[in-house]
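Given next are the chains, with one letter for each unit.
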Amino acid sequence: MKRFQPQPGHVVQAFRLALDPNASQDAALRSHCGAARAAYNWAVGWVTASWWQRSAEESYSVLEAELTPWRPWSLPALRKAFNEAKYDDPRFAAWWQENSKEAYSTGLANASAAFDNYAKSKNDKRRGKRRGVPRFKSKRKARLACRFTTGTIRVDPDGRHVTLPRLGTLRTHEPTNSLLARVQAGTARILSATVRHERGRWFVSFQAEVKCDLTRGTAGRGRRYRPRGEDPRGHGRIDG
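Just so it is clear, the model here is predicted, and its values are computed rather than measured. (Residues numbered from 1 in each chain as written. Predicted model: local features only at pLDDT ≥ 70, side-chain atom pairs only at ≥ 80, totals over all residues. Heavy atoms only, no water.)

## A few points about the overall build of the chain
Note the threshold: Helix and strand definitions here come from DSSP, where helices need a minimum of 4 consecutive H or I residues and strands a minimum of 2 consecutive E residues; each element is numbered from the N-terminal end. Exposure categories follow from relative accessible area, calculated using a 1.4 Å probe and restricted to protein chains: below 20% of the type maximum is buried, above 50% is exposed, and the middle band is partly exposed. Contacts are residue-level and defined by heavy atoms, with any inter-residue pair within 4.5 Å sufficient. Each accessible area is a Shrake-Rupley estimate made with a 1.4 Å probe; only the visible protein chains count as cover when residues are assessed.
Each helix and strand in the chain was counted, giving four helices and eight strands. Ordered by position from N to C terminus, the α and β elements of the chain give β-α-α-α-β-β-β-β-α-β-β-β. Taking all 240 residues of the chain together, 39% fall into the buried category. Contacts in the chain between residues far apart in sequence, at least 24 positions, make up 62% of those at least 6 positions apart. Summed over its atoms, the accessible surface of the chain is roughly 14,700 Å², and 49% of this surface lies on carbon and sulfur atoms.

Pasting the structure below:
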């Protein structure tokens, strides 16, 4: 997937906020994260099914031209296959409409990246620890997370609420002023939001494109960029 490139004079900055969802919102958050995990597992099973089928056919000396075709793992290919399967697959047919499409896209994107990492690692095109074939994520151990890139994603004007697709308006545990002031001033543009459950609490991380000021460094060190609103002495924080 092509990495986002900010405009000249801008940086991509994360703003992390703790949430205080009510009981129904907590259930909705868990449902979205569970949908992401289910979509990931579906993608892993769908892609690797062709691998195991080909392996079985090869053991019976089936000709190469007659082997089961490889299934692609690019994100567009996974989205197309999932959208065709979700209506009839018993794992999704009864409840997939309860969650934002972004929940399923999160799982499919993670699966696509996992297969890319595996292929690059296998062909010695990736640094670091060797990556194995992507595995299914268990409900008990999988981290609860979901990413939103389209739909209504905003910091509300009251400074204590945020709005996310299908989840609606969620109260925050802390003021959102660090991001809200920049959005209202036109110096920040929200790109995406990711919700996570960590250490018993829900968090949302906004990824934003933030405009920077070009400032002159001290002692002839030249110039550097810093986000608007940051304390020039280095005491201010951007990450909420």
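Don't stop here, the text continues.
## Observations concerning the side chain of T106
Rule in force here: Counting of polar contacts relies on pairs of N or O atoms within 3.5 Å, with two restrictions inside protein: one atom must be capable of donating a hydrogen and the other of accepting it, and residues adjacent in sequence are counted only when both atoms are side-chain atoms.
Structurally, the position occupied by T106 is in helix 3 (residues 101-122). Judged by relative accessible area, which is 10%, T106 ranks as buried. Separated by 3.0 Å, the side chain of T106 and the backbone nitrogen of R147 make a polar contact. Ignoring any residue separated from it by four or fewer positions in sequence, one finds T106 in contact with A36, A145, C146 and R147.

## Focus: the environment of T149
Its place among the elements puts T149 in the loop between strand 2 (145-148) and strand 3 (154-155). Take T149: its relative accessible area is 37%, and that puts it in the partly exposed class. Remark: the alpha-carbon pair of T149 and S192, spanning 43 residues in sequence, is separated by 4.6 Å. Aside from chain neighbours lying at most four places away, what touches T149 is E102, L191 and S192.

## Let's talk about the layout of surface pockets
Rule in force here: Buriedness for pockets is judged along seven lines, at least five of which must meet protein on both sides within 12 Å for an open set on the 1 Å grid over protein atoms alone, while cavities are sets there where a 1.4 Å probe fits but cannot get out, and lining residues have an atom within 4 Å of a point. Grid points are joined across faces, edges and corners, and a volume is the space filled by probe spheres set on the points. In the scheme used here, Gly and all other residues not listed as nonpolar or charged are polar, with Ala, Val, Leu, Ile, Met, Phe, Trp, Tyr, Cys and Pro taken as nonpolar and Asp, Glu, Lys and Arg as charged.
Each pocket or cavity is described by its volume, and for the second largest pocket that value is around 180 Å³. Looking at the second largest pocket, the residues that line it are R79, F82, N83, K86, W96, N99, S100, K101, E102, Y104, S105 and L108. Secondary structure elements with two or more residues in the lining of the second largest pocket: helix 2 (75-85) and helix 3. Of the residues forming the lining of the second largest pocket, the biggest block, five residues, is contributed by helix 3. Partitioned by chemical class, the residues of the lining of the second largest pocket number four nonpolar, four polar and four charged.

## Concerning the confidence of the model for the chain
Going by this rule: Per-residue confidence from the prediction method is given by pLDDT, with values spanning 0 to 100.
Of the residues in the chain, 87% reach a pLDDT of 70 or more, and the chain-wide mean stands at 87. The low-confidence segment residues 231-240, where pLDDT is below 50, has 19 contacts with residues more than four positions distant or belonging to other chains.

## Considerations on the sheet that holds strand 5 (residues 168-171)
Applied cut-off: When DSSP finds two or more bridges between two strands, those strands count as paired.
Spatial strand order, 3-4-5: three strands in an open sheet with antiparallel pairing. Two strands bound the open sheet, and with one partner strand each, they are strand 3 and strand 5. Sheet topology note: the strand 3/strand 4 (residues 161-164) ladder contains two bridges and is antiparallel. Its bridge partner being in strand 4, R154 is matched across the sheet by T163.

## Some thoughts on the pattern of salt bridges
Using the following cut-off: Salt bridges, as used here, are contacts in which a Lys or Arg side-chain nitrogen is within 4 Å of a carboxyl oxygen on Asp or Glu.
Under the defined criterion, the tally for this structure stands at eight salt bridges. For D26, the salt bridge is made with R30, and the minimal N-O distance between the two is 2.9 Å. Taken together, the residues D26 and R30, both in helix 1 (residues 23-59) and four residues apart, mark about one turn of the helix. By relative accessible area, which is 23% here, D26 ends up partly exposed. We note a salt bridge from E209 to R189, for which the minimum N-O separation is 3.1 Å. Here R189 lies in strand 6 (residues 188-198) and E209 lies in strand 7 (residues 201-216), a separation of 20 residues in the sequence. For R189, a relative accessible area of 42% gives the class partly exposed.

## Remarks on the packing of helix 1 against helix 2
Let me state the cut-off plainly: Here an angle of 0 to 180 degrees is reported between the N-to-C directions of two axes, which are lines fitted to C-alpha atoms, with helices fitted over the stretch in contact. Roughly parallel means an angle under 35 degrees; roughly antiparallel means over 145; roughly perpendicular covers 65 to 115; every other angle is labelled oblique.
Packing of helix 1 against helix 2 leaves a shortest axis separation of 11 Å and a crossing angle of 105 degrees. Classified by the interaxial angle, the pair formed by helix 1 and helix 2 is roughly perpendicular. Facing helix 1, whose interface residues are W42, A43, W46 and V47, helix 2 presents L78, A81, F82 and A85. Classifying every residue of the contact of helix 1 with helix 2 gives eight nonpolar, no polar and no charged.

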